[in-house]
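Observations on chain architecture
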Amino acid sequence: MSFFSQVLAVARKDIISELRTREIISSVLVFAILVLVIFNFAFEPDQALLSEIAPGIIWVAFVFSGILALNRTFIPEKEEQCLEGLMICPVDRETIYLGKAIGSLFFLLMVEAIMLLAFALLFNVAVFQLEMIVIVLLTSLGFVVVGTLFSALAVNTRAREMVLPVMFLPIITPVIIAAVKASALVFAGKSWSDIVNWVIMLVAFDVIFIVVSYIVFPYVIEE
Amino acid sequence: MSNKIISAAEYAVETFDLAKSFGSYRALRGVNLQVQQGLALAILGPNGAGKTTLIKLLSGIMRPSKGRIMIDGLDSRENSLEVRERLGLVAHQSYLYSNLSAEENLDFYARMYGVPNRQNRVSDVLKLVGLDMRRHDRFSTFSRGMQQRLSLARALLHEPSLLLLDEPETGLDQQGLDAIWSILKSEGEKRTIIFSSHNFERALSMCDGVVILAHGRIVFQERACNLDMQSLRHKYLEYTQTVTL
Ligand SMILES: Nc1ncnc2c1ncn2[C@@H]1O[C@H](COP(=O)(O)OP(=O)(O)OP(=O)(O)O)[C@@H](O)[C@H]1O
Ligand SMILES: [Mg+2]
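Quick caveat, the model's predicted, so the values are computed rather than measured. Every chain is numbered on its own, with residues counted from 1 as its sequence reads. Note on labels: chains are lettered from A, ligands numbered from 1, in written order. Reporting of local features is limited, given that this is a predicted model, to residues whose pLDDT is at least 70; pairs of side-chain atoms are given and counted only at 80 or more, and all residues count toward the totals for whole chains, interfaces and linings. For the side-chain quantities, the full set of heavy atoms in the structure was used; hydrogens and water were omitted.

Attention now goes to the overall build of chain A. When you go through chain A residue by residue, the secondary structure sums to nine helices and zero strands. The helix count covers DSSP runs of H or I at least four residues long, the strand count covers runs of E at least two residues long, and both are numbered beginning at the N terminus. Secondary structure elements of chain A occur, N-terminal to C-terminal, as α-α-α-α-α-α-α-α-α. Whereas a compact globule of 223 residues would reach a radius of gyration of roughly 17 Å, chain A reaches 18 Å, a difference of no more than 12%. Each principal axis of the C-alpha distribution contributes one length, and for chain A these read about 55 × 35 × 30 Å. Within chain A, buried positions represent 50% of all 223 residues. In chain A, the proportion of contacts linking residues at least 24 apart, taken out of those at least 6 apart, comes to 82%. Here the accessible surface of atoms and residues is derived via Shrake-Rupley with a 1.4 Å probe, and residues count as covered only by protein chains that are part of the display. Surface accessibility of chain A: about 10000 Å² in total, with carbon and sulfur atoms responsible for 70%. The reference for a compact globule is 2.2 Å times residues^0.38; the radius of gyration itself is calculated from the C-alpha atoms. Buried, partly exposed and exposed residues are distinguished by accessible area as a fraction of the type maximum, computed with a 1.4 Å probe on protein chains only: under 20%, between the cut-offs, and over 50%, respectively. We call two residues in contact when some of their heavy atoms are within 4.5 Å.

In structure tokens, the structure reads:
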């Protein structure tokens, strides 16, 4: 009981703070939409070309804006000098991890929803399909659970902002590849039976990443 | 509010051969400290003596390189969650979030500490530190003295049996000092207090015991009732070889 209320307390605090300042959401959103617009002008795609390159564009924008967002998971705690205060609370490290991951997932999904809307308007592609939503949710989950871990690692590293792009990207790449492949099939009008293998792969990665991150986190956050 | 927050263990704090090194530098070199339940202890010592390091070790922010800490008879490593529940800490940093209001900050920590009757307790501590009029204001708009008072409110929120304070006087004006010390005076009746300070007068008037730390060791330890200002100054000079004002 108290475990969940403490997890939610961490997530809640981050969400209140973010909704007040909109620091992450606004900067990430501007960035993501910029990427989409630039691609739009670079390719001036027609409908045939578009269905081929759309998955790539979406996921490039997704990955880079996701990294921007995840960089703000633990670094603000350090900058505000609150990390120690968090660490002396009578809760397990896993509680903090889960709370942070839930908060980040919330921000990421919010940004993605707006990003997908912008994408749909700019490129006239039907992105809001059930298949696509499932893929986005699964990918975001995997992205956030590993990203939160690396974001904690970054806090105790000198080149903080570099940790995520350099160490986290290679690890998350298989998930992104699965997401790109699966969404390409969705945009090509394929059915569930065609994409199901990729979806299973996403689920498998999520499960592995959740378990590993949850176990490793307490060691990472300790200096 | 319960008055029974003091535990049955004889000592609130016991350390055994406690040591902390930073690289090759030995900041604490074998500290054996015993503090009886309900007492107030002042830690004095020159800059770099290891006062902050000792408080960080006691609060669990840092891990000792060597030695053991018992809080209320519990080993701080083996029972870290129970020990953390019993501790309140006022450090140099406030551990409060600048974008949240005073009330939201305390509410967050109250949830983390599983404080019963959360809203009432938050209101009570805000009144205690005289900030209930500013409860909806963001922490970033607070003056240094108000920040320090809110930090004290955060540390008292869960009725800790042991309150640790690292130089709580830093940056406060006379009014702020009086406010903090009068709160500590009344709160100190219910719990054990350990604070580091450079203020001898305050140490003598507030505390039951005084410890002088120098070069990472306890060099002097005495009950406050056996000391006056002059003898304390004299001892301090003798053991630390530093001139004080
Ligand atoms: N994180 C750290 N890394 C390296 N050395 C440290 C660290 N923290 C403290 N020290 C060293 O340990 C010694 C004790 O420091 P500490 O902060 O405990 O002193 P202090 O008694 O609190 O001093 P002050 O009165 O200035 O607050 C100092 O020599 C300091 O340089
Ligand atoms: Mg200090």
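Our focus in this paragraph is helix α7 (residues 130-155) of chain A. What a helix should span is 1.5 Å times the count of its residues minus one. When the terminal C-alpha atoms of α7 of chain A are compared, their 37 Å separation across 26 residues agrees well with the 38 Å that a helix rising 1.5 Å per residue should span. With 20 of 26 residues buried, α7 of chain A lies mostly within the body of the structure.

Before going further, it helps to examine helix α3 (residues 102-112) of chain B. Residue and element names in this part refer to chain B. Among the eleven residues in α3, eight count as buried, and that is most of the element. Among the residues of α3, those classed as buried are Ala102, Asn105, Leu106, Asp107, Phe108, Tyr109, Ala110 and Met112. Gly114 occupies a position one or two residues after α3 and carries a positive phi of about 60 degrees.

Glancing now at the pairing of strand β2 (residues 25-31) of chain B. Residues and elements named next belong to chain B. Summarising the sheet, strand β1 (residues 11-22) and β2 pair through five bridges and their orientation is antiparallel. The residue of β2 that forms the bridge with Leu18 is Val31. Any two strands are treated as partners once DSSP identifies two or more bridges connecting them. Linkage of β1 to β2, two consecutive antiparallel strands, is achieved through a turn of two residues, within which Gly23 is found at a positive phi near 65 degrees.

On a scale of 0 to 100, pLDDT captures the predictor's confidence in every residue. Taken residue by residue, chain B gives an average pLDDT of 91. The fraction at 70 or more is 96%. Reported for the predicted complex are a pTM of 0.92 and an ipTM of 0.90.

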